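Examining the three-dimensional arrangement
Okay, here's what each chain looks like letter by letter:
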Amino acid sequence: MTPAEIAPKDRLIVALDLPSVEAAEATINRLGDSVTFYKIGYRLAYAGGLPLVGKLADKGKKVFLDLKLHDIGNTVMQGVESITRLGATFLTVHAYPQTMKGAVEGRGNSSLKILAVTVLTSYNEADLHAAGYRLGVSELVEARAQQAQVLGIDGLVCSPEEVGNLRKIVGHQMSLVTPGIRPAGSATGDQKRIMTPSRAITAGADYLVVGRPVLEAADPKAIAEAIHAEIAQALG
Ligand SMILES: O=c1ccn([C@@H]2O[C@H](COP(=O)(O)O)[C@@H](O)[C@H]2O)c(=O)[nH]1
């Protein structure tokens, strides 16, 4: 799907980082029609949230399953094969060659799109160095994006700071999905490579992932709608 074909409303993905299915359903009901795309990550998936993928899909919502898989290639391949039956739109794996290759094999011809996580948005140069990497953030993101493209990965998770450069490398064949989104004035938390929604869209991000700024707001629906308005303005 080219950026022009993405429905503007689908560009906001709300991360359901909540402790239970009940809490997630309450938030989904509160957000109503204002949110069409949800992300299920560790917290909810390990609290019984996987069946929510199918339930949301049945209601016409899209689901990004952020499981960040990483294991030997065969195990990733088999895991992804099982996940193809859940009804998710996106699934994340870490951007290691064996992992990505296994994920692409497991996805097969299904409609599931595999996203490779390049460098987590909570990492800066010092964090990478402490983890033993010799490349800096932009070099590692670029190298992983190139490997992902060669291996047939569908999209990349990166910070909005890398989007401009990545677009030049991967063109519009791969979706660029960006967490690390912070509306002006909202708390950064543990995120280190961040941008506002409008700047991220202007930089060329396809999808924006937002968790705490929506979930912790007194009125989550109002924040989601404000982010949509920023997106629409940035798209022109
Ligand atoms: O590099 C990454 C990859 C994934 N995430 C996930 O996105 C959300 C962001 O939540 P906020 O509350 O808006 O910070 C969260 O679920 C992460 O697991 C990421 O932040 N960075």
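Everything quoted here is computed from the prediction, not taken from an experiment.

As a further point, take the site of the ligand. Contacts to the ligand come from 16 residues, most closely from Asp17, Lys39, Thr121, Gln191 and Arg212. Lysine 39 places a polar side-chain atom, nitrogen or oxygen, 2.7 Å from an oxygen atom of the ligand. At 2.7 Å from a nitrogen atom of the ligand is found a side-chain nitrogen or oxygen belonging to threonine 121. A total of 460 Å² of accessible area belongs to the ligand in isolation, and the protein chains cover 88% of it. Among the secondary structure elements, those contributing two or more residues to the shell around the ligand are strand S3 (62-69), strand S8 (207-210) and helix H10 (212-215).

Our focus in this paragraph is unusual backbone geometry. The phi dihedral of lysine 68 falls on the positive side, at around 40°, and the residue is not glycine. Tracing the backbone through its elements, the reader meets lysine 68 in strand S3.

Tracing the backbone shows aspartate 206 in the loop between helix H9 (197-203) and S8. Of the residues examined, aspartate 206 reaches a relative accessible area of 3% and is grouped as buried. Within the structure, the side chain of aspartate 206 is placed 2.9 Å from the side chain of arginine 167, a separation counted as a polar contact. A distance of 2.8 Å separates a polar atom in the side chain of aspartate 206 from the backbone nitrogen of leucine 176. Those residues within four positions of aspartate 206 in sequence are excluded, and the remaining contacts are Pro3, Ile6, Arg11, Arg167, Met174, Ser175 and Leu176.

Next up on the list: the pattern of salt bridges. Inspection of every chain in the model, using the stated rule, returns 10 salt bridges. In this structure, lysine 68 engages aspartate 66 in a salt bridge whose closest nitrogen and oxygen atoms are separated by 2.8 Å. Taking the shortest distance from any N to any O, the salt bridge between aspartate 190 and arginine 212 comes out at 2.7 Å. Here the residue aspartate 190 occupies a position in the loop between strand S7 (175-178) and H9, and arginine 212 occupies one in helix H10, the gap between them amounting to 22 residues. For arginine 212, a relative accessible area of 34% translates into the label partly exposed. One network of salt bridges, in which partners are shared, links Lys39, Asp66 and Lys68.

Pairing is parallel in the closed barrel, where eight strands are placed in the order S1-S2-S3-S4-S5-S6-S7-S8. Strand-to-strand, the axes of this sheet are offset by a mean angle of 25°, without reference to chain direction. The sheet contacts of helix H4 (residues 73-83) involve S3, strand S4 (90-94) and strand S5 (113-117), and relative to S3 the element is tilted by about 165°.

Of the positions making up helix H1 (residues 21-31), those classed as buried are Val21, Ala24, Thr27, Ile28 and Leu31. Angularly, the buried residues of H1 cover 125° about the axis, an arc narrow enough to put them on a single face. When the buried face of H1 is taken as reference, the exposed residues oriented beyond 90 degrees from it are Glu22, Asn29 and Arg30. Check the buried side of H1 and you find it contacts strand S1 (12-15), strand S2 (37-40), helix H2 (42-49), helix H3 (51-58), H10 and helix H11 (220-235). After H1 finishes, the residue glycine 32 shows a positive phi value of roughly 50°.

Scoring rules and cut-offs
Residues numbered from 1 in each chain as written. Predicted model: local features only at pLDDT ≥ 70, side-chain atom pairs only at ≥ 80, totals over all residues. Heavy atoms only, no water. Near = heavy atom within 4 Å. Polar contact = N/O pair within 3.5 Å; in protein donor to acceptor, adjacent residues only side chain to side chain. Areas by Shrake-Rupley, 256 points an atom, 1.4 Å probe, with all protein chains shown as cover. Helix = DSSP H or I, 4+ residues; strand = E, 2+ residues; numbered from the N terminus. Buried < 20%, exposed > 50% of the residue type's maximum accessible area, 1.4 Å probe, protein only. Contact = heavy atoms within 4.5 Å. Salt bridge = Lys/Arg side-chain N within 4 Å of Asp/Glu carboxyl O. Pairing = 2+ DSSP bridges. Axes fitted to C-alpha atoms, helices over the stretch in contact; angles between N-to-C directions. Arc of directions from axis to C-beta.

Just distances and angles here, no functional claims.
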